[in-house]
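Fold and contact review
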4 protein chains.
Amino acid sequence: MLNVRETKIFSKKIKLRNPILIVGLPGIGNVGSLVVQYLIQQLGAKEFATLYSPHLPYFVVALDDGGFRLVSDRFYYYKNKDKSGSDLVLLIGDYQPATSEGQYDVNDQIVKFFKSIGGKVVYTIGGYASGDNKYVTNPRVFGVSADKKLRKELEKHNVIFGAIPNLSIIGAAGLVVAFAKMHGLPAACLMGETGMLDVDANASKKVLEVLSKILKIDIDLKDITKLQTETEKLVKELQEAAADTASKQASNPNYIK
Amino acid sequence: MLNVRETKIFSKKIKLRNPILIVGLPGIGNVGSLVVQYLIQQLGAKEFATLYSPHLPYFVVALDDGGFRLVSDRFYYYKNKDKSGSDLVLLIGDYQPATSEGQYDVNDQIVKFFKSIGGKVVYTIGGYASGDNKYVTNPRVFGVSADKKLRKELEKHNVIFGAIPNLSIIGAAGLVVAFAKMHGLPAACLMGETGMLDVDANASKKVLEVLSKILKIDIDLKDITKLQTETEKLVKELQEAAADTASKQASNPNYIK
Amino acid sequence: MLNVRETKIFSKKIKLRNPILIVGLPGIGNVGSLVVQYLIQQLGAKEFATLYSPHLPYFVVALDDGGFRLVSDRFYYYKNKDKSGSDLVLLIGDYQPATSEGQYDVNDQIVKFFKSIGGKVVYTIGGYASGDNKYVTNPRVFGVSADKKLRKELEKHNVIFGAIPNLSIIGAAGLVVAFAKMHGLPAACLMGETGMLDVDANASKKVLEVLSKILKIDIDLKDITKLQTETEKLVKELQEAAADTASKQASNPNYIK
Amino acid sequence: MLNVRETKIFSKKIKLRNPILIVGLPGIGNVGSLVVQYLIQQLGAKEFATLYSPHLPYFVVALDDGGFRLVSDRFYYYKNKDKSGSDLVLLIGDYQPATSEGQYDVNDQIVKFFKSIGGKVVYTIGGYASGDNKYVTNPRVFGVSADKKLRKELEKHNVIFGAIPNLSIIGAAGLVVAFAKMHGLPAACLMGETGMLDVDANASKKVLEVLSKILKIDIDLKDITKLQTETEKLVKELQEAAADTASKQASNPNYIK
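Residues numbered from 1 in each chain as written. Chains lettered and ligands numbered in written order. Predicted model: local features only at pLDDT ≥ 70, side-chain atom pairs only at ≥ 80, totals over all residues.

**Focus: the overall build of chain A**
Looking only at helices and strands, chain A has 6 helices and 12 strands in total. For a compact globule of 257 residues, the expected C-alpha radius of gyration is about 18 Å, and chain A comes in at 20 Å, within 12% of that figure. With the principal axes as the frame, chain A shows a C-alpha extent of 70 × 45 × 35 Å. Among the 257 residues that make up chain A, the fraction classed as buried is 47%. Counted over contacts in chain A with a minimum sequence separation of 6, partners at least 24 positions apart contribute 73%. (Helix = DSSP H or I, 4+ residues; strand = E, 2+ residues; numbered from the N terminus. Rg over C-alpha atoms; globule rule 2.2 N^0.38 Å. Buried ≥ 20, exposed ≤ 12 C-beta atoms within 10 Å, placed from the backbone. Contact = placed C-beta atoms within 7 Å.)

**Things to note about the relation of the copies chain D and chain A**
The transform that puts chain D on chain A rotates by 90° and translates by 0.1 Å along the axis, for an RMSD of 0.1 Å. The transformation relating the two chain copies, once decomposed into turn and shift, fits a four-fold axis. Nearest to the rotation axis, the C-alpha of D:T99 is located 7.3 Å from it, this being the minimum over chain D. (Least-squares fit on C-alpha atoms with pLDDT ≥ 70 in both.)

**Examining the sheet that holds strand 6 (residues 73-78) of chain C**
Residues and elements named next belong to chain C. Read across the sheet, 9 strands follow the order 1-3-6-7-2-8-12-9-10 without closing on themselves; strand pairing throughout is mixed. Looking at the sheet topology across the chains shown, the edges are occupied by strand 1 (8-11) and strand 10 (159-161). Strand after strand, the sheet turns through a mean of 25° between neighbouring axes, direction not considered. With 3 bridges connecting them, strand 9 (residues 141-145) and strand 10 associate as parallel partners. When the sheet's bridge partners are listed, G143 is paired in strand 10 with F161. (Pairing = 2+ DSSP bridges. Axes fitted to C-alpha atoms, helices over the stretch in contact; angles between N-to-C directions.)

**A few points about the interface of chain C and chain B**
Facing 29 residues of chain C, the contacting portion of chain B comprises 19 residues. Going through the elements one at a time, helix 2 (100-116), strand 9, strand 11 (168-170) and helix 4 (172-182) of chain C are the ones with two or more residues in the side of chain C that touches chain B. Element by element, the count of residues in the side of chain C that touches chain B is highest for helix 2 of chain C, at 7 residues. Of the residues in the side of chain C that touches chain B, the class split is 14 nonpolar, 10 polar and 5 charged. Direction of pairing for strand 4 (residues 59-62) of chain B relative to strand 11 of chain C: antiparallel, over a ladder of 3 bridges. Counterpart to B:F59 in the pairing with strand 11 of chain C is C:I170. (Nonpolar A, V, L, I, M, F, W, Y, C, P; charged D, E, K, R; others polar.)

**Focus: the sheet that holds strand 4 (residues 59-62) of chain D**
One open sheet holds the 3 strands; their spatial order is 11(A)-4(D)-5(D), and the pairing between them is antiparallel. Among the strands making up the open sheet, the edge pair consists of strand 11 (168-170) of chain A together with strand 5 (68-70) of chain D. Going across the sheet, the axis of each strand differs from the next one's by a mean of 25°, ignoring polarity. Across the sheet, helix 4 (residues 172-182) of chain A is in contact with strand 11 of chain A together with strand 4 and strand 5 of chain D; its angle to strand 4 of chain D comes to roughly 80°.

**A few points about the nonpolar core**
Within the largest apolar cluster, 308 residues are counted, with the highest numbers of intra-cluster contacts made by A:L90, B:L90, C:L90 and D:L90. Here A:L90 is in contact with A:I22, A:V36, A:L39, A:I40, A:A45, A:Y76 and A:Y78, once residues within four sequence places are set aside. (Core = buried A, V, L, I, M, F, W, Y, C linked by C-beta atoms within 7 Å.)

**Quick word on the arrangement of the chains**
Contact between chain A and chain C is absent, and the minimum C-alpha spacing across the pair is 15 Å. There is a clear gap between chain B and chain D: no contact, and 15 Å between their nearest C-alpha atoms.

**Description of the interface of chain D and chain A**
Contact residues are listed per partner, giving 18 residues for chain D and 28 residues for chain A. Secondary structure elements with two or more residues in the side of chain D that touches chain A: strand 4 and strand 5 of chain D. If you tally residues by element for the side of chain D that touches chain A, the top one is strand 4 of chain D, at 4 residues. The residue makeup of the side of chain D that touches chain A, split by class, is 12 nonpolar, 3 polar and 3 charged.

**A short note on helix 2 (residues 100-116) of chain A**
Residues and elements named next belong to chain A. In this model helix 2 runs 24 Å from its N-terminal to its C-terminal C-alpha over 17 residues, within 8% of the 24 Å that 1.5 Å per residue would give. Taken together, the buried positions of helix 2 are occupied by S100, G102, Q103, Y104, D105, V106, N107, D108, I110, V111 and F114. Here the buried face of helix 2 lies against strand 2 (20-23), strand 3 (46-52), strand 7 (88-93), strand 8 (121-129) and helix 4. One or two steps after helix 2, the chain reaches G118, where phi turns positive at roughly 85°. (Expected span 1.5 Å × (residues − 1).)

**Let's talk about the packing of helix 1 (residues 31-43) of chain A against helix 5 (residues 201-215) of chain A**
Residue and element names in this part refer to chain A. Where helix 1 meets helix 5, the axes come as close as 9 Å, and the angle between the chain directions of the two elements is 55°. It follows from the interaxial angle that helix 1 and helix 5 lie oblique. Crossing hand, helix 1 versus helix 5: right-handed. Contacts from V31, L34, V35 and Y38 of helix 1 reach helix 5 at A201, A203, S204, V207 and L208. Across the contact of helix 1 with helix 5, the residue classes tally to 8 nonpolar, 1 polar and no charged. (Parallel < 35°, antiparallel > 145°, perpendicular 65-115°, else oblique. Left-handed = near helix turned anticlockwise from the far one by under 90°.)

**Description of unusual backbone geometry**
Phi is positive for A:N133, which is not a glycine, with a value near 55°. Among the structural elements, A:N133 can be located in the loop between strand 8 and strand 9 (141-145). Positive phi is not limited to glycine here, since D:N18 has a value of about 45°. Following the sequence through the fold, D:N18 ends up in the loop between strand 1 (8-11) and strand 2 (20-23).

**Side note on the pairing of strand 7 (residues 88-93) of chain D**
Residues and elements named next belong to chain D. Judged by how many residues are buried, strand 7 sits mostly within the fold: 6 of 6 residues are covered. Both faces of strand 7 are covered, namely the face carrying L88, L90 and I92 and the face carrying V89, L91 and G93. As judged from the 4 bridges shared by strand 2 and strand 7, these two strands associate in the parallel manner. Bridging from a neighbouring strand, I20 pairs with L88 of strand 7. Pairing of strand 6 (residues 73-78) with strand 7, which is carried by 6 bridges, proceeds in the antiparallel orientation. Across the sheet, the residue bridging to Y77 is V89, located in strand 7.

**Concerning the environment of C:S33**
For C:S33, the position within the fold is in helix 1 (residues 31-43). Setting aside anything within four residues of it in sequence, one finds C:S33 in contact with C:G24, C:L25, C:P26 and C:I92.

**Here we look at helix 1 (residues 31-43) of chain D**
Residues and elements named next belong to chain D. End to end, helix 1 covers 18 Å across 13 residues, agreeing with the expected 18 Å (1.5 Å per residue, within 8%). Counting buried positions over the 13 residues of helix 1 gives 10, a clear majority of the element. Those residues of helix 1 lying buried are V31, G32, S33, L34, V35, V36, Y38, L39, I40 and L43. Two residues or fewer after helix 1 comes G44, characterised by a positive phi angle close to 65°.

**Examining the pairing of strand 9 (residues 141-145) of chain B**
In summary, the side chains of a regular strand alternate between the two faces of the sheet. All names here are of chain B. With 5 of its 5 residues buried, strand 9 lies for the most part within the structure. Residues of strand 9 alternate between two faces, with V141, G143 and S145 on one and F142 and V144 on the opposite face, all of them buried. Note: strand 9 against strand 12 (residues 187-194), 5 bridges, orientation antiparallel. If you follow S145 over to strand 12, its bridge partner there is A188. Each parallel crossover has a hand, and for strand 9 linked through helix 3 (residues 148-156) to strand 10 (residues 159-161) it is right-handed. (Right-handed = clockwise from strand over helix to strand, strands pointing away.)

**A word on the environment of B:D64**
Examined against the element boundaries, B:D64 turns out to sit in the loop between strand 4 and strand 5 (68-70). Looking at B:D64, the number of C-beta atoms within 10 Å reads 11, which means it is exposed. Aside from chain neighbours lying at most four places away, what touches B:D64 is C:G162 and C:P165.

**Regarding the confidence of the model for chain A**
Mean pLDDT over chain A stands at 92; residues scoring 70 or higher make up 95%. Overall fold confidence (pTM) sits at 0.91, and the ipTM for the predicted complex is 0.89. (pLDDT = per-residue confidence, 0-100.)

**A closer look at the environment of B:L221**
One can find B:L221 in the loop between helix 5 (201-215) and helix 6 (222-251). Setting aside chain neighbours within four positions, we find B:L221 in contact with B:K205 and B:L208.

Structure follows, in structure tokens:
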């Protein structure tokens, strides 16, 4: 009988060629979520597995059609059109667990499941908050990996390693890479530099550019560029409004008591 | 030997005809609790099972006769007088668990227990807080269900589906419906629209009207109408007192320093 | 090999005659702790068992001799000199668990252990905070019990039952009584009325008077009376100082800005 | 298959002579961490085992070379050059667990692992915060031990026992000593007196002096003395700046509004 008191992954049977996992779970600037959701849309990836866990928040999310979804992580696959290339497994989700025990359990299951379907390489996507909470116009992409070969390849595409002392990488972005290493899988975490925004299209775009190159998959960046432009317009308007208020206050000290 | 370190349901042996479960545990506006307590009283339903769990708060509640009750969920049954109709299982409780692990465990046990006694359909009752924290004069009833047939039937009785984007349904109201679906049971969550009140008789009445129709059980709404009228009188008095204070303040800016 | 990842009770072998358990763990006004510590001292009870649990706070307490004690609950026994009377098991401890799961686990173990050594009746001692946070000059003793016979006997000694609607009894004082009932043991919770104080000797004395009668054991109340008198002197001084300050403020509105 | 859902210690095979464990995990004034890290550096100790646990915080720490480390505890060994002396096992780590269950689990595993490699004696190092949050110029070393022989020996080197009533020793510093005792290993906790500082070189130096004597191992204190001198210079500058500000404020009440 079905038992939802343990973390479980329900999967369709599927055959993938040397699959590469890309993890984009909620986190800083939602860079991971946005990047992987964008890949799913642009590549037309198909859902094939769902992870349920008692460590995820205890609610369901109502859907537009009147149905609902239990809070979950969802796996998609993309079959590479280039027959010499690797297939992709794309992972998105609603939330991350709030406890250490939950994080270890869920992320361990993710790595084991990926390995059980023949997984070869793992990338986790995250955001790096530069700290001053300002919009980052020219975001860098930072990386972390225990695999020297992977590091070298990523450095060719301007991913920066070892630059931020004592950087902590929280949740799936860090743990999945650590657990992948324990299971002998090459793995890297890629972090787009971000600040101020809840959802940062600019940082996400920079990560997508790196992914496009290392995966050798053509990704149309038109839509994310549009989102980035709109965000930047909004940021500019907010900044001008703030500057305006500041100047009014400066010329009239009583403007705000 | 008895062990209270796990969630357990202690039940009398009982035979029910195609039972329908109605879950009314504490939550928003206490709509669920009030609806199911009202059904128990009006139908004269009888207690037959108790759920204890280490995930529920760690205390006992003193009773009027000098005895006490360990915090628990309690199942009641109602044998339908119409021999072609379904019997009811009514679930109320003192509290809901505070952790994800506890919520998953307790709600999983509820669904499995109901299935083990031949359960056929599940309704959970909850409240939907419209957000502006005002008394809702004309509450709507919102629904969520993965079962198209059930959705259609409920829509006939003015239950609204798919209207609130990204609505999260927290605790038993959401999880029991999700777990019921996993166990192959048709299930729906019904939410009365509510605001401001701790216990909303108006929202509860609207849900009772829907239940009366879909269950084809005659429910006397006199007592809940009385409670609703009293609540509305109180709400009106509070609003007038607030308006009075506001007008006094407006005419005399020094009324409150 | 020893394993401290589970709640465990380490006990000397001991033979007791119809033992009665009295539980005095930390809680409101520390009435429970003070009552049972007093009994241990006055009766010269001997320690015979220790409960360790990963649900108790994670530290050790340094002792005067340079040694230490792992945070624990400790069982003492008292052999009744009256050969027709019952022996006592007295339980004190440093802390109570902070989670529901921990409370259920630890209190379940306490009841099972007591049953395993032939336990017959259980009393838990607690405080009842009357709510207005004032020193209670004439504390009442409130009781809760599912056992009618025990209730009647306690009422003879002025223990009040059923007087406080919806009273919640938190932690061991409530759970041990509930679990004892599940294991078929007569049990009652006795609560001394208290307010304002961290350690209330007056409430404790009143509970000791009740215990002395129902246990038919002579308890010398001299020391607790002394403590009560000292406390009341201190309370009086504090009240006079507060009244003095208030009167100074009243006569000079600028005394405190 | 590897499983990171439980606390586990991965160790190289190693043969040690009557090893003594010295635990220096993060805590008050980081005295423990600093002392044991200093020992590792000065003695050129080699890492041989790693403890991973789902009770540790859920992140990885980026390393300078572009790699990373899963949050962990790490064991080092030092082979005593004096053939009649004992070898050392030195334990450092990134964090301590945040829950009681985690603390009990991790510290239990540490003691069992040390016992399994032939461990003989245990010292945990901590800080004792004197409470007034001032820099302690002449820190004392306080001790706690259930082993009378060990206590006597430590007292010869000016470790003070039984001086602080009701002192609570939190986390590994306390639990490892308690669990070692349960496993029949002589154990003591040594606490350097500290205040104000996040990392207290002065308190650490005093503990190192004690360790040097009881371990009969020559430890070069030059580097820690340098760190202590630098810290004290900084403390002095901060105090002078504070005094300066205070005197300016005193002579000009409007200096700070």
